[in-house]
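Working through the structure, step by step
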Amino acid sequence: MAGKPVRPVNAIDQTRRMLSLVTYLRERPGARVEDVARAFGITEDELVSDLDVLPMCGTSFRGGDLLDIDTDGERIWWHNPAALGADAAEPLRLAADEATALLVAARAVATLPGLRESDRQALLRATAKVETSAGEAAGASSRLSVTFESEGGVFADVDRAISERRRLWIRYYSPARDEVTEREIDPIRLVSVGHTYVEAWCRRSEARRTFRLDRVAEIRILDEPSAPPEVELRDLSEGLVQPAAEDPEVVVEVGPGGRWVAEYYPHDSADELPDGGLRITLRTPDPASLRRLALRLGRDGRIVSPAALADSARQAAREALAAYDGIEAAGARDGAESVSGAGARPGTGAADGQHDRQERAL
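With an unreviewed UniProt entry as reference, the protein chain is termed WYL domain-containing protein, source organism Streptomyces hyderabadensis.

Now the structure itself:
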């Protein structure tokens, strides 16, 4: 579908848009996708993404109460608009477990650092109303509490920075390089694809980057305004990692035990090998990150090209195995001191075999 650059949005903006979308669609049966997208100032892909969520909303989780909205790509059809009619829905009644879950979650969210005070007060007022309406069912919630790990605070700060259009300073751990870096980013949006990420314009690399929230070691909201360049938001329905045509090419050969790589990594081709393995050609903006894949594969795979990356993977394997050999040698010496006449030679056995297999594989 056609897309265009749009301003950054956060979860609250998206929720408001979707609530308005319900009213808009109810008054316009068979509305055209391009017209609705234009009216809300979003891309057609974003609109379709919203439409994928709306069928999970309704006055209850019973089938007839959920919104029956779909699209054929050109027009949008709402098959049960009466589901939100004044006479259709029964008065809301929360079961004891529903009231407990809602109250515990609301109290936990109210403690998040970085939450705007106006939002916190609104949430507390809503919580008090739920407590009153739930009656005795609310009693169990007072005996439960939830504490968010650090990601919760990071999420709140990122969401606030997007809403207030302010720049962020972060200390970020990159497992591919095993290092922590400091950088300033202009956040664009929060996305959830397995984990929660912030898509942002990184001022250190002057490029769009995606950061996983649970890898943010420290975060601060800066006074400087956020001003990311206008970029077309990516369609993440196919996953977070979507290599570009200009990314470097890497060739990996795997044995039968490594065929899973073709299922988990986007690739250009996967050719069968005589031994039942695959020769996989893929692209990645950061080839060095595949060293970890090579170490994980062990004897079940190896990097073929580029040559520099293959050499780097072999060196990483040698260093890892040398560290294990050092531990084993120390253990053997300790054993020789405590067991008189021990005839075992240090460095023999399964570990040596694994060492040889890893060397051959890489």
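From this point, the narrative continues.
1. Looking at the sheet that holds strand β10 (residues 278-283)
Read from one edge to the other, the open sheet built from four strands follows the order β9-β10-β8-β11, with strand pairing classed as antiparallel. Taken across any chain shown, the strands that pair with only one partner, and hence form the sheet edges, are β9 (269-272) and β11 (301-305). Ignoring strand direction, the axes of neighbouring strands in this sheet form an average angle of 20°. Pairing between β9 and β10: four bridges, direction antiparallel. Residue pairing for β10: D271 is matched across the bridge by R279.

2. Side note on the sheet that holds strand β6 (residues 207-212)
Spatial strand order, β6-β5-β4-β3-β7: five strands in an open sheet with antiparallel pairing. Looking at the sheet topology across the chains shown, the edges are occupied by β6 and β7 (216-225). On average, each strand axis in the sheet is inclined to that of its neighbour by 45°, with strand direction left out of account. In this sheet, β7 lies alongside strand β3 (residues 166-174) in antiparallel orientation, the contact comprising six bridges. Along β7, the bridge assignment pairs I170 with I219.

3. Points about the packing of helix α4 (residues 96-110) against helix α5 (residues 117-134)
Between α4 and α5, whose axes approach to 10 Å, the crossing angle comes to 160°. It follows from the interaxial angle that α4 and α5 lie roughly antiparallel. For the element pair α4 and α5, the recorded crossing hand is left-handed. For the pair formed by α4 and α5, the contact residues are A99, L102, L103, A106, R107, V109 and A110 on the first element and R120, L123, L124, T127, V130, E131 and A134 on the second. Taken together, the residues of the contact of α4 with α5 break down into ten nonpolar, one polar and three charged.

4. Quick look at α4
The end-to-end C-alpha distance of α4 is 21 Å, a good match for the 21 Å that 15 residues give at a rise of 1.5 Å each. Along α4, the residues that are buried comprise A99, T100, L103, V104, A106, A108 and A110. Among the structural elements, α5 are those in contact with the buried residues of α4.

5. Things to note about the pairing of strand β8 (residues 249-254)
With five of six residues buried, β8 lies mostly within the body of the structure. Across six bridges, the pairing between β8 and β10 is antiparallel. What sits directly across from V250, in β10, is L282.

Rules used throughout
- Residues numbered from 1 in each chain as written.
- Predicted model: local features only at pLDDT ≥ 70, side-chain atom pairs only at ≥ 80, totals over all residues.
- Heavy atoms only, no water.
- Pairing = 2+ DSSP bridges.
- Helix = DSSP H or I, 4+ residues; strand = E, 2+ residues; numbered from the N terminus.
- Axes fitted to C-alpha atoms, helices over the stretch in contact; angles between N-to-C directions.
- Parallel < 35°, antiparallel > 145°, perpendicular 65-115°, else oblique.
- Left-handed = near helix turned anticlockwise from the far one by under 90°.
- Contact = heavy atoms within 4.5 Å.
- Nonpolar A, V, L, I, M, F, W, Y, C, P; charged D, E, K, R; others polar.
- Expected span 1.5 Å × (residues − 1).
- Buried < 20%, exposed > 50% of the residue type's maximum accessible area, 1.4 Å probe, protein only.

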